[in-house]
Amino acid sequence: MSGKAYIREMPKTTWWLSHSRYRRYVAREVTCIPIGIYTAVLIWGLMRLSQGAAAWEGFIEALNSPLSILFHLVAFVFAVVHTISWFNVTPSAMRVQIGEDFAPGAVIIGAHYTGWVVVSLIVLFMAGV
Amino acid sequence: MSERQVEVEILRYDPETDQAPKLQSYSVPCQEEWVVLDAITYIKDHIDTTVSFRWSCHMAVCGSCGMMVNGEPALSCKSFLRDYPDKIRIEPLAHFPIVRDLVVQLDDFMEKLNRVKPYIIPKEKKSVSDGQHKQSPAQLKAFKQYTLCINCTLCYAACPQYGLVPDFIGPAAMALAHRYNLDSRDGGREQRQEVVATDEGVWECSFVGACSEVCPKQVDPAGAIQQMKIASTVDWYKEHLMPWSKP
Amino acid sequence: MAKSNKPIVWGLFAAGGTITAFLTPVMIFVTGLAVPFGIMGPEVLAYDRIHDFVANWFWKLVLFGIIFFSLWHAAHRFRITMHDFGVRADRVVAKISYLLAALGTLGAIVLLLRI
Ligand code: SF4
Ligand code: FES
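Residues numbered from 1 in each chain as written. Chains lettered and ligands numbered in written order. Predicted model: local features only at pLDDT ≥ 70, side-chain atom pairs only at ≥ 80, totals over all residues. Heavy atoms only, no water.

Peer 1: For the overall build of chain B, give the residues involved together with the corresponding values.
Peer 2: Within chain B one finds nine helices and seven strands. Across its three principal directions, the C-alpha atoms of chain B cover 70 × 40 × 30 Å. Each of the 247 residues in chain B was classed as buried or not, and the buried ones make up 52%. Sequence separation of 24 or more characterises 64% of the internal contacts of chain B that already satisfy a separation of 6 or more. Looking at chain B as shown, the accessible area adds up to about 11100 Å², and 53% of this sits on carbon and sulfur atoms. Separation of charge centres in chain B, based on 27 positive and 33 negative side chains, amounts to 8 Å. (Helix = DSSP H or I, 4+ residues; strand = E, 2+ residues; numbered from the N terminus. Buried < 20%, exposed > 50% of the residue type's maximum accessible area, 1.4 Å probe, protein only. Contact = heavy atoms within 4.5 Å. Areas by Shrake-Rupley, 256 points an atom, 1.4 Å probe, with all protein chains shown as cover. Lys, Arg positive; Asp, Glu negative; His and termini not counted. Charge placed at Lys NZ, Arg CZ, Asp CG, Glu CD.)

Structural data, given as structure tokens:
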């Protein structure tokens, strides 16, 4: 073999546009941005809470602004994308061998979704729905 | 038996004369039951004898006929033409250097495979007179899935991290490291960790999962890598936060 | 080749990924959507109620855990994502991401202690 083998370079920034599989992957990865911002909103809320009732009212008012609602809607969608993508890969990342066989993927994934529903209901109940 | 005219585009590259690869189109009369490899073989036998490609078993066992079929890494002997439109594009496996036409250079993969010591490093030395190493069906099953790899490197062609960071050890080699780590007869994990637990090892992987999706043998290299990440993380915390736990 | 130190941050990333998967959607709903859309009354987020809640030591700890792990999860994934988008200054990106996460964590501790 001569040294003339041809090397195809991958475009460093746009490679993920080339295949639906990669686009799905990037959609999963960017969920970190809204999740990070939402966490910052929580910290911001703690700050306002620590500053007394008036400051807290201002925070609640800001939460009711159209921009905030839009952000939370987007963040909600991304958060759900994260949840689904996270649960769906659990069986291959953590295999559970019982005796000879492995617990079927559907059971492991199903357990996660069930837990998700339960946890969400508990939080909603605590919030006072 | 029905015949169908399929336009087969092949990415050609001749290292002696070409600066860059280019597509060449062939019109191939294909039989209903043909696979992509049959169409390429037809081209070589009847249209253009200069087309170079690798194959051997024609039954998804040897792992040598991997190609990009319409942009997707696939075994050409396992890709039935009836599942494709009347025009298909065949390219050499992505992320590997092209030697000629559809033939790619696998030296890098071979070298990496070697580095993870994909063989049993016995836990305890046993002489023949001591009898055989016993293994229960459950112990066998623990790693069986990862033994099914045929080294076709489709997973490397699918993995964007391997394409972007060529130092990455990559899916199949990792899955094989995991296969031996999980083997009850093996005691070589410590040695393999020197490769597995590095930045170029499991930590280059961002769990795109493409490798597992294209693998023709359901090896699930992505899962193997995640399991090794978890184990390496447990190791790290044990080593640094609980040094007394080290044997 | 030396063994990597990525397990430190990856451990937090993985734990955070699990926590955010279970909790973030419903939390976003409760704190950011339910009240504006009239699904829950404004009294749900009233000052006294929330203050009493956060003043409880147990919930303080839980909140801290959620914030801490969510931040580190997001920071680590952000670092990887930058790399995927072709930003190859990984050390700089890592430093900034983790620094922000550390600052957020510290801020949360201080604030939680003040409430
Ligand atoms: S892991 Fe699967 S795709 Fe990768 S080389 Fe082995 S058989 Fe081929
Ligand atoms: S020719 Fe052997 S796997 Fe396709």
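Peer 1: Please provide a residue-by-residue account of the overall build of chain A, values included.
Peer 2: The helix and strand tally for chain A stands at six helices and two strands. Start at the N end of chain A and walk to the C end: the helices and strands fall as α-α-α-α-α-β-β-α. Computed over the C-alpha atoms, the radius of gyration of chain A is 22 Å, more than 25% above the 14 Å expected from 2.2 N^0.38 for a compact globule of 129 residues. Counting over 129 residues, chain A shows a buried share of 40%. A separation threshold of at least 6 residues defines the contact pool for chain A, and within that pool the share at least 24 residues apart is 43%. If you sum the accessible surface of chain A, you get close to 6800 Å²; carbon and sulfur atoms cover 73% of it. (Rg over C-alpha atoms; globule rule 2.2 N^0.38 Å.)

Peer 1: Describe the interface of chain A and chain C, naming the residues involved and giving the relevant values.
Peer 2: With 51 residues of chain A in contact, the opposing surface of chain C contributes 52 residues. Summed over both partners, the interface of chain A with chain C comes to about 4500 Å²; 77% of that surface belongs to carbon and sulfur atoms. Taken together, the links from chain A to chain C amount to one salt bridge. Across the salt bridge formed by Glu29(A) and Arg77(C), the nearest N and O atoms sit 3.3 Å from each other. Taken together, the links from chain A to chain C amount to 16 residue pairs in polar contact (both at pLDDT 80 or more). Among the elements of the structure, helix H1 (20-29), helix H2 (32-50), helix H3 (53-63), helix H4 (66-88) and helix H6 (105-127) of chain A are those that each provide at least two residues to the side of chain A that touches chain C. (Buried area = accessible area lost by both parts, 1.4 Å probe. Salt bridge = Lys/Arg side-chain N within 4 Å of Asp/Glu carboxyl O. Polar contact = N/O pair within 3.5 Å; in protein donor to acceptor, adjacent residues only side chain to side chain.)

Peer 1: Now, about the interface of chain C and chain B: what can you tell me, with residues and values included?
Peer 2: Each side of the interface is counted separately: chain C has 15 residues, and chain B has 21 residues. Note on chain C versus chain B: buried area summed over both sides is about 1600 Å², and carbon and sulfur give 59% of it. Taken together, chain C and chain B are joined by zero salt bridges. Applying the counting criterion to the chain C and chain B interface returns five residue pairs in polar contact (both at pLDDT 80 or more). Within the residue set of the side of chain C that touches chain B, elements represented by two or more residues are helix H1 (6-33) and helix H3 (57-84) of chain C. For the side of chain C that touches chain B, the leading source of residues is H1(C), giving six residues.

Peer 1: Residues and numbers for the pattern of salt bridges, please.
Peer 2: Under the defined criterion, the tally for this structure stands at 22 salt bridges over all chains. Between Arg89(B) and Glu91(B) there is a salt bridge; the shortest N-O distance is 3.2 Å. When its relative accessible area of 30% is taken as the criterion, Arg89(B) is described as partly exposed. Members of the salt-bridge network, linked through shared partners, are Arg21(A), Arg24(A), Glu72(B) and Glu213(B).

Peer 1: Requested: an account of the nonpolar core, with residues and values cited.
Peer 2: Val8(B), Ile10(B), Ile40(B) and Ile90(B) are the most contacted members of the largest nonpolar core, which totals 82 residues. With near-sequence residues (within four places) excluded, Val8(B) lies in contact with Gln24(B), Ser25(B), Tyr26(B), Val28(B), Ala39(B), Ile43(B), Ile88(B) and Ile90(B). Residues Ala127(A), Val9(C), Met27(C) and Leu33(C) belong to the second largest nonpolar core, which totals 43 residues. (Core = buried A, V, L, I, M, F, W, Y, C linked by side-chain atoms within 4.5 Å.)

Peer 1: Let's hear about the pairing of strand S5 (residues 87-91) of chain B: which residues, and what values?
Peer 2: Residues and elements named next belong to chain B. Of the strand pairs in this sheet, strand S1 (residues 3-12) and S5 are connected by four bridges, and their pairing is parallel. Among the inter-strand pairings, Glu9 is bridged to a residue of S5, identified as Arg89. Alignment of strand S3 (residues 66-69) against S5, held across two bridges, turns out to be antiparallel. In the strand pairing of S5, Met68 is matched with Glu91. (Pairing = 2+ DSSP bridges.)

Peer 1: Quick rundown of the sheet that holds S3(B)? Include the residues and the values.
Peer 2: Within a beta sheet, neighbouring strands are joined by backbone hydrogen bonds and run either parallel or antiparallel to one another. All names here are of chain B. Reading across from one edge, S2-S1-S5-S3-S4 is the order of the five strands in this open sheet, with mixed pairing throughout. The sheet is open, and its two edges are formed by strand S2 (22-31) and strand S4 (72-75), each paired on a single side. Looking at each pair of strands side by side, their axes are set apart by 35 degrees on average, direction ignored. (Axes fitted to C-alpha atoms, helices over the stretch in contact; angles between N-to-C directions.)

Peer 1: Explain unusual backbone geometry to me, and be specific about the residues and the numbers.
Peer 2: Residues and elements named next belong to chain B. Here the phi dihedral of Ala60 falls at roughly 60 degrees; this positive angle occurs in a residue that is not glycine. Examined against the element boundaries, Ala60 turns out to sit in the loop between helix H1 (36-47) and S3. Judged by its relative accessible area of 9%, Ala60 is buried. Positive phi values are uncommon outside glycine, yet Lys117 reaches one of about 50 degrees. Relative to the helices and strands, Lys117 resides in the loop between helix H2 (107-115) and helix H3 (137-147).

Peer 1: Mind laying out the packing of aromatic side chains, listing which residues take part and the relevant values?
Peer 2: Residue and element names in this part refer to chain C. Applying the stated criterion across every chain, the model contains 23 aromatic pairs over all chains. For the pair Phe53 and Trp59, a centre-to-centre distance of 5.3 Å together with 25 degrees between the ring planes defines the contact as stacked. Since its relative accessible area comes to 25%, Trp59 is described here as partly exposed. Grouped by ring-pair contacts, the aromatic residues Phe64, Phe68, Phe69, Trp72 and Tyr98 constitute a single cluster. (Phe/Tyr/Trp six-rings, centres within 6.5 Å; stacked < 30°, edge-to-face > 60°.)

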